[in-house]
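Take a look at the letters that make up each chain.
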Amino acid sequence: MKLIFSSKVLPSKISKLSIITLAIFSLTACGGGGDTTASTPTNNPAPDPDQSTPDNTTPDETTTPTPDEPPATSPDTTPSIPTAGYVIDVNLNVNHIKGEVDSFDRSRYITMHIGATDNEWPDNATAKKFMEDYDVYYGRDNGSTPWQMGRLEGGSVDGIFNDDEMTKNAEQSKTWYKNNTTAHALEDRMGNMMYGGQEFMYPHKEYNTCSANCEGNAWIAGYDEYARFFSEYLTKFFGTGGTTGQKKPKIIEVMNEPFVKSGKLHTTNANITELHKVVADKLHADHPDVKVGGFTAAFPALENNNNNFALFDNTWKTFIDGAGQEMDFYSIHLYDNHDETNHMYRSGSNIEAILDMIEHYSVITIGEAKPWVISEHGFFAPGEKGKGPYSRERDWWNIRSFSSIMMQLMDKPDQILTSMPFSILKAKWAGENGLSDEGHRYSTRLYVLRDELDGSINVQDNGDWIYSDIKKFYELWSEVKGKRIDTKPGDLDLQTDGYVDGKNLYFIVNNLEHENVEFDFNLIDKNNTAIESISTKHVYFDAQAVAPVLEETTLENTATRFTVNANATAIIKVTYAADIMIDEKSVETKYYADKMKQTITSGQDITFNIDAVKATSANGEAVLRLGLGRLHNKSLLPEITFNNTTIEVPDDFRGYDQNTRHSFFGVIEIPVPYSVVKANNTIKVRFSDTGGFVTSATMQVFETTTDLNRFAQ
């Protein structure tokens, strides 16, 4: 496709930033979409739609910077930074370390949204084989906790539950688990297992907020009793594994997606924030080994139609101001979406902007960026709340989003406590024997009935359950492990990562482009270790079959080029003749500026200071990250000086141009010459037009023990 503007022909490989600045264009993205979500069952969560009117009204924190005087001397010339197109460097000898994390922890990423006692597997042997063959870990249980609370209502007095009754229920649960020997054998896969509450547990008696039609819990005495329930639940229902009872979870979400449901609950975000603080204080006192967090945000459209980021102020600002200090982690749900007309992707620059803005405000307000729990991620569509007959194409969009979003989280290994792609087993609990009133079954499942494959509805459970295409995600990632090594793409639309385990290299490429991409890869090994074999796993969409395909191939040992399909993921496994020596390091640290959410005014400098930076190694790299929230007819190409040196701003960013969203909200990533980075740094950002915000300003610094000589330049 060629685009015409001002009588000039623009090439089809035009920069996304350039396209967005052309206000007269309205480009059609591949697919398209809006933020739609799947229905929420009572014992397994799915995201809810955004509430159009926030429950709280927090004053806008926006500050308008005053113009700075121009520098006394002209900015220095930008040192050259190598760039490339679809070329990827893979430095096998360089361990990429962030924080203290130097390896791939599968238990934080390759998970399922199920618990160890889930009863929807065909049989115990199948459960064990799947979890072990594909090296999968248990993720999240949000059904047991509300169920056990509900059992206590009948014996409660004035909203206080009966301890003896809870003890009896707990002993029943532990006895059942004692006899579940299959679960015992898989306890090593429960290390990051988390439990949480549901919105219908919200205790109305705290502020007497319940009316005739409200949702929530009308019997429990209040926040303190809710917190006591969680504490006693952890004390009574769990053991240390095996015959003592199920291992006590180490992660607790106070409530699932409560802010978007606060209207239905007849309460406020401030009240829900207070509940989180009360529960955290109680569990920290009684169970100091358990991490507590929230607010388990759904639909984090912080820009909310570019309305001065009021949604951020009414949600995350409210939460961090009121309970941030008490939280051990923040939790959020991240989904790509589709509304039967368009796709609306979060994967790419939008996710980076969401997480950076929240982290940055947390650093400024309480002095630290809390770890993340991404307790759901994936894709929801098509149709009203994701309802519709089973679709292999929808499975593909989930697989695509699982890998795209997960790779962004893998790039933050020191910040992710746990994460999980949202897929469950059969969802027979949803509706009548798994069927909604419209005859549809739950959308994202590992198992489907064979009779669903042709799109039929009202399919009855005849016991003929087979794997859905979701299995391909786990097959694709089944082998990846080892020490993380340095990889770098020449184009941000190729997400890359790499891990070395003995003789094996696992090199991952995920394509955010909506077209096939042929790329070159440089396997850089200073010891020139001989290659014995190269094999690939490639999951992509087959338009003729209207379904995902997992293709496994073998390449020549001299291969340096591969084609990854549109929106697809390829894992290239290279086996060497000897163990790869990893004796160099790239140590990554993230720094936050002294301010965030700054108003953009034409021709006026916005000045950020990023201080206390450690960049003392002889070699290294740096990337300035600016979160931008602007309408689509506004520029995303600011003028930047970094310590009085003019910095070239790339004309590309991760993912699509967001033209199916009301406005752009994403991070632009700007390479900074390592030579200009100091301990204390001053960055000036100036736009040529007025409107929107610089929502965050952070910097990644990579101290390396060797010159990485990017793209052989």
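For the structure, check the block above.
Residues numbered from 1 in each chain as written. Predicted model: local features only at pLDDT ≥ 70, side-chain atom pairs only at ≥ 80, totals over all residues. Heavy atoms only, no water.

Here we look at the pattern of salt bridges
- With the rule as written, the count across this model stands at 52 salt bridges.
- Linking Glu132 and Lys128 is a salt bridge whose minimum nitrogen-to-oxygen distance equals 3.0 Å. Taken together, the residues Glu132 and Lys128, both in helix α2 (residues 124-133) and four residues apart, mark about one turn of the helix.
- A relative accessible area of 34% means that Glu132 is categorised as partly exposed.
- One connected set of salt bridges, linked through shared partners, spans Glu352, Asp356, Glu359, Asp411, Lys412, Arg484, Asp497, Lys590, Arg625, Arg654 and Glu669. (Salt bridge = Lys/Arg side-chain N within 4 Å of Asp/Glu carboxyl O. Helix = DSSP H or I, 4+ residues; strand = E, 2+ residues; numbered from the N terminus. Buried < 20%, exposed > 50% of the residue type's maximum accessible area, 1.4 Å probe, protein only.)

Digging into the sheet that holds strand β29 (residues 645-647)
- On the basis of which strands lie adjacent, the open sheet formed by four strands has the order β26-β31-β28-β29 and antiparallel pairing. Two strands in the sheet have a free side with no partner beyond their single neighbour: β26 (606-610) and β29. Averaged over all pairs of adjacent strands, the angle between strand axes in this sheet comes to 25°, irrespective of strand direction.
- Alignment of strand β28 (residues 639-642) against strand β31 (residues 681-686), held across four bridges, turns out to be antiparallel. Bridge pairing links Phe642 to Ile683 in β31. (Pairing = 2+ DSSP bridges. Axes fitted to C-alpha atoms, helices over the stretch in contact; angles between N-to-C directions.)

Some thoughts on the packing of helix α7 (residues 269-286) against helix α8 (residues 310-323)
- Interhelical geometry of α7 versus α8 gives an angle of 40° and a closest axis separation of 9 Å. Relative to α8, the crossing made by α7 is right-handed. For the pair α7 and α8, contact is made by Asn269, Ala270, Thr273, His276 and Lys277 and by Asn314, Thr315, Thr318, Phe319, Gly322 and Ala323, respectively.
- Of the residues assigned to the contact of α7 with α8, the class counts are three nonpolar, seven polar and one charged. (Left-handed = near helix turned anticlockwise from the far one by under 90°. Contact = heavy atoms within 4.5 Å. Nonpolar A, V, L, I, M, F, W, Y, C, P; charged D, E, K, R; others polar.)

Topic: the environment of Thr706
- Along the polypeptide, Thr706 turns up in the segment after β32 (693-704).
- In this structure the C-alpha to C-alpha distance between Thr706 and Ala618, which are 88 residues apart in sequence, comes to 8.1 Å.

Focus: the packing of helix α6 (residues 223-236) against α7
- Between α6 and α7, the least distance of the axes is 9 Å, while the angle of their chain directions is 40°. In terms of axis orientation, α6 runs oblique to α7. Read as a crossing pair, α6 and α7 show a hand that is right-handed. Contact residues: Tyr223, Asp224, Tyr226, Ala227, Arg228, Phe230, Ser231 and Leu234 in α6; Asn271, Ile272, Glu274, Leu275, Val278, Val279, Lys282, Leu283 and Asp286 in α7.
- Here the residues of the contact of α6 with α7 sort into 10 nonpolar, two polar and five charged. (Parallel < 35°, antiparallel > 145°, perpendicular 65-115°, else oblique.)

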